[in-house]
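Each chain, written out:
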Amino acid sequence: MRGVGRNPGSTALSLRLRLIGLVALVFAASLALGGTLACLNASRSVEAEMHSALAVARQTVALGIAGLDRSDDKRRDLERLVASFRGNRHLGVSLSGEDSAETAPQRDALALAAAPRWFERLIGVKPSRVVIPVAAGGSDYGAITLETVPHNEILEIWNEFGDSLLLLALFSAPTMLLIYVFIGRALRPLDRLARGLARIGGGDYAVRLEERLPPELSRLHDSFNRMAAQLAGMATENRGLTEQLLSLQEQERSELARDLHDEIGPFLFAINVDAAAIARQAESGRLPAIAAPAAAIGEAAAHLQQQVKSMLGRLRPIGLAEFGLGAAIANLIEFWRRRHPEIDFGLEIAPEAEGRGELIDTTIYRIVQECLSNALRHGQPSAIAIALCHRRGEGDGRDGLVLTVRDDGSGMSARPGAGYGLLGMGERVKALGGSLAVTSDPGAGLLVTALLPLPARERAEAL
Ligand SMILES: Nc1ncnc2c1ncn2[C@@H]1O[C@H](COP(=O)(O)OP(=O)(O)OP(=O)(O)O)[C@@H](O)[C@H]1O
Ligand SMILES: [Mg+2]
């Protein structure tokens, strides 16, 4: 990015941490869910394992006992049968009886290690015991007790759990690290964007994003650059308008100064001269000669009154507040009619279009004022028609006023002058949310149409 200073964004970092936290949470949740499912499965599998070990052992013992009938030494064979279970990881087998002292060992060597008690409780498989009485050749040889030992199986599962956990840790640690680094890189463009926005906030509209962003953010990139370009354009336009405003003010002041000088100055001088003449005639006692300069003073004063009124009219529309829009425009027309009696001025104002507030009235007045002066300065028309009507809400439901000023002069030339009049009209109308259209018919005149929407309250009244 061009022209952007370093300003590391803390927002991106916190978002990054939040994202990584979310990933860790998902890992932990899947671990908890996986662990629960694995425990349930492990419990079922230990249960099944114990069950089948017990069933096989029962079958073996039953066969062994059945074979005792053919044995010469039943006690010895019985002990061998029990001894054959030595080393079985899932079963403890013991022989008991009145004259029997020997029992098979219940646990094998693996049983030395143990899973934590809480894990054994979690798996929840309890040892089960079966006692098989032994009778052969009419004698009672006691009973063989088979007892399942889930301990070893649970230990095995515990060890597998440990391995899986280690594997998961080995997998998730680099994954989280990768995600952390990746998110950091992915958020970098947003950081640049934030710095760009900060520059724009500071009034530097020349800033642009130049590096391409990932496809997901490319619209942001384009929108940012478009926004910056538009702001730059608007800033230039604003500067231009301010300059125009200042130069218009200057122009207005110099026109007033010229009018004061040209129109007021000579008449004040004339009054002064006439007053001196009256004084001289009075001193020399020629009273009848006073009448002429006195009449001249009266005429000069009347002319001055007229001039002052006209200048005030330019500064503030005469009678707009006091007599209403219609009277003020009629006054304006009168002003021009005196200077151009050959032109036919027409004025039509719908009664419901009047009195729509000072802002709307002044806007309409200024547009008419500029249109009249444009038509007279540039068009040499023989007729000018002004119409103001009220339009009821149509498609968009908004009521409004429609002002048209039509002249039958030359129309706009192929190379119109670059003044501020039309521009100013457009700005005034835009400020009220309306629109302005200028339609020129070369050789046949010009039509200016201004659409001014009425505020909601005004619309309600107009219904
Ligand atoms: N009624 C009209 N008939 C013919 N040409 C017109 C008419 N109105 C405007 N124009 C043309 O459009 C140009 C722009 O008008 P605009 O009012 O913006 O500026 P201007 O009258 O030249 O100067 P300014 O209003 O700033 O004193 C005029 O210079 C003129 O060429
Ligand atoms: Mg003009």
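Residues numbered from 1 in each chain as written. Chains lettered and ligands numbered in written order. Predicted model: local features only at pLDDT ≥ 70, side-chain atom pairs only at ≥ 80, totals over all residues. Heavy atoms only, no water.

**What about the domain arrangement of the chain?**
Moving on, step 1. Each domain of the chain was delimited in the assignment, giving domain 1 (10–187), domain 2 (212–315) and domain 3 (324–463).
Moving on, step 2. Here the C-alpha centre of domain 3 lies 23 Å away from the C-alpha centre of domain 2.
Moving on, step 3. With 10 residues of domain 2 at the interface, the matching set in domain 3 holds 8 residues.
Moving on, step 4. Across the interface of domain 2 and domain 3, roughly 690 Å² is buried in total on both sides, 47% from carbon and sulfur atoms.
Moving on, step 5. Applying the counting criterion to the domain 2 and domain 3 interface returns 0 salt bridges.
Moving on, step 6. At the boundary of domain 2 and domain 3, one finds 0 residue pairs in polar contact (both at pLDDT 80 or more).
Moving on, step 7. Mapped onto the side of domain 2 that touches domain 3, the elements with two or more residues apiece are α5 (218–283) and α6 (291–315).
Moving on, step 8. Grouping the constituent residues of the side of domain 2 that touches domain 3 by class yields 3 nonpolar, 5 polar and 2 charged. (Domains from an automatic or database assignment. Contact = heavy atoms within 4.5 Å. Buried area = accessible area lost by both parts, 1.4 Å probe. Salt bridge = Lys/Arg side-chain N within 4 Å of Asp/Glu carboxyl O. Polar contact = N/O pair within 3.5 Å; in protein donor to acceptor, adjacent residues only side chain to side chain. Helix = DSSP H or I, 4+ residues; strand = E, 2+ residues; numbered from the N terminus. Nonpolar A, V, L, I, M, F, W, Y, C, P; charged D, E, K, R; others polar.)

**What about the side chain of Ser43?**
Moving on, step 1. For Ser43, the location among the structural elements is in helix α1 (residues 10–67).
Moving on, step 2. On the basis of relative accessible area, Ser43 is assigned to the buried category, the value being 19%.
Moving on, step 3. For Ser43, the contacting residues outside a window of four places in its chain are Ile123 and Val125. (Buried < 20%, exposed > 50% of the residue type's maximum accessible area, 1.4 Å probe, protein only.)

**Focus on the packing of helix α4 (residues 150–201) against α5**
When two helices pack together, their arrangement is given by the angle between their axes and by how far apart the axes lie.
Moving on, step 1. In contact at an axis separation of 12 Å, α4 and α5 are set at 10° when each is read in the N-to-C sense. With respect to α5, the axis of α4 lies roughly parallel. Here Leu190, Leu193, Gly196, Leu197 and Ile200 of α4 come into contact with α5, specifically with Leu220, Phe224, Met227, Ala228 and Leu231.
Moving on, step 2. Counted by class, the contact of α4 with α5 contains 9 nonpolar, 1 polar and no charged residues. (Axes fitted to C-alpha atoms, helices over the stretch in contact; angles between N-to-C directions. Parallel < 35°, antiparallel > 145°, perpendicular 65-115°, else oblique.)

**A word on the coordination of the magnesium ion (ligand 2)**
Moving on, step 1. Of the protein atoms, only Glu370 (OE) and Asn374 (OD1) coordinate the magnesium ion (ligand 2), at distances of 2.0 to 2.1 Å. On the criterion of helical spacing, the pair formed by Glu370 and Asn374 is a turn pair, its members being 4 residues apart in helix α9 (residues 358–379).
Moving on, step 2. A residue is classified by how much of its surface remains accessible, and Glu370, at 22% relative accessible area, is partly exposed. (Donors = N, O, S within 2.8 Å, 3.2 Å for Na, K, Ca; no water.)

**Considerations on the site of ligand 1**
Moving on, step 1. Glu370, Asn374, His378, Tyr420 and Leu422 are the nearest of the 16 residues found near ligand 1.
Moving on, step 2. Contact distances for ligand 1 include 3.0 Å between an oxygen atom and a side-chain N or O atom of Arg377.
Moving on, step 3. Within the contact set of ligand 1, an oxygen atom lies 2.8 Å away from a side-chain nitrogen or oxygen of His378.
Moving on, step 4. Expressed as a share of its isolated accessible area of 590 Å², the protein-covered part of ligand 1 is 89%.
Moving on, step 5. Secondary-structure elements contributing two or more residues to the shell around ligand 1 are α9 and α10 (421–431).
Moving on, step 6. Per-element tally for the shell around ligand 1: the top contributor is α9, with 6 residues.
Moving on, step 7. Partitioned by chemical class, the residues of the shell around ligand 1 number 6 nonpolar, 7 polar and 3 charged. (Near = heavy atom within 4 Å. Areas by Shrake-Rupley, 256 points an atom, 1.4 Å probe, with all protein chains shown as cover.)

**Let's talk about the packing of aromatic side chains**
For any pair of aromatic rings, the description consists of the separation of the ring centres together with the inter-plane angle of the planes.
Moving on, step 1. If you walk through the whole model with that rule in mind, you get 6 aromatic pairs.
Moving on, step 2. Aromatic side chains Phe335 and Trp336 sit 5.1 Å apart centroid to centroid with 85° between the ring planes, which places their arrangement in the edge-to-face category.
Moving on, step 3. Through a chain of ring-to-ring contacts, the aromatic side chains of Trp118, Phe119, Trp158 and Phe161 assemble into a single cluster.
Moving on, step 4. Seen from the ring of Phe335, Arg339 lies directly overhead, with NZ or CZ sitting 3.8 Å from the centre. (Phe/Tyr/Trp six-rings, centres within 6.5 Å; stacked < 30°, edge-to-face > 60°. Lys NZ or Arg CZ within 6 Å of the ring centre and 35° of its normal.)

**Quick notes on the pattern of salt bridges**
Moving on, step 1. Applying the stated criterion across every chain yields a total of 8 salt bridges.
Moving on, step 2. When the shortest N-O distance is used, the salt bridge between Asp77 and Arg80 registers 3.9 Å. Of this pair, Asp77 and Arg80 both sit in helix α2 (residues 74–83), separated by 3 residues, roughly a single helical turn.
Moving on, step 3. For Asp77, a relative accessible area of 24% gives the class partly exposed.
Moving on, step 4. Here Glu334 ties to Arg337 by a salt bridge, and the two come within 3.2 Å at their closest N and O atoms. Residue Glu334 and its partner Arg337 are both found in helix α8 (residues 325–339); the two are separated by 3 residues, about one turn of the helix.
Moving on, step 5. Given the relative accessible area of 32%, Arg337 is considered partly exposed.

**Examining the environment of Arg208**
Moving on, step 1. Tracing the backbone shows Arg208 in the loop between α4 and α5.
Moving on, step 2. Sequence separation of Arg208 and Ala353 is 145 residues, and the distance between their C-alpha atoms is 48 Å.
Moving on, step 3. Side-chain polar atoms of Arg208 contact the backbone oxygen of Tyr205, separated by 2.8 Å.

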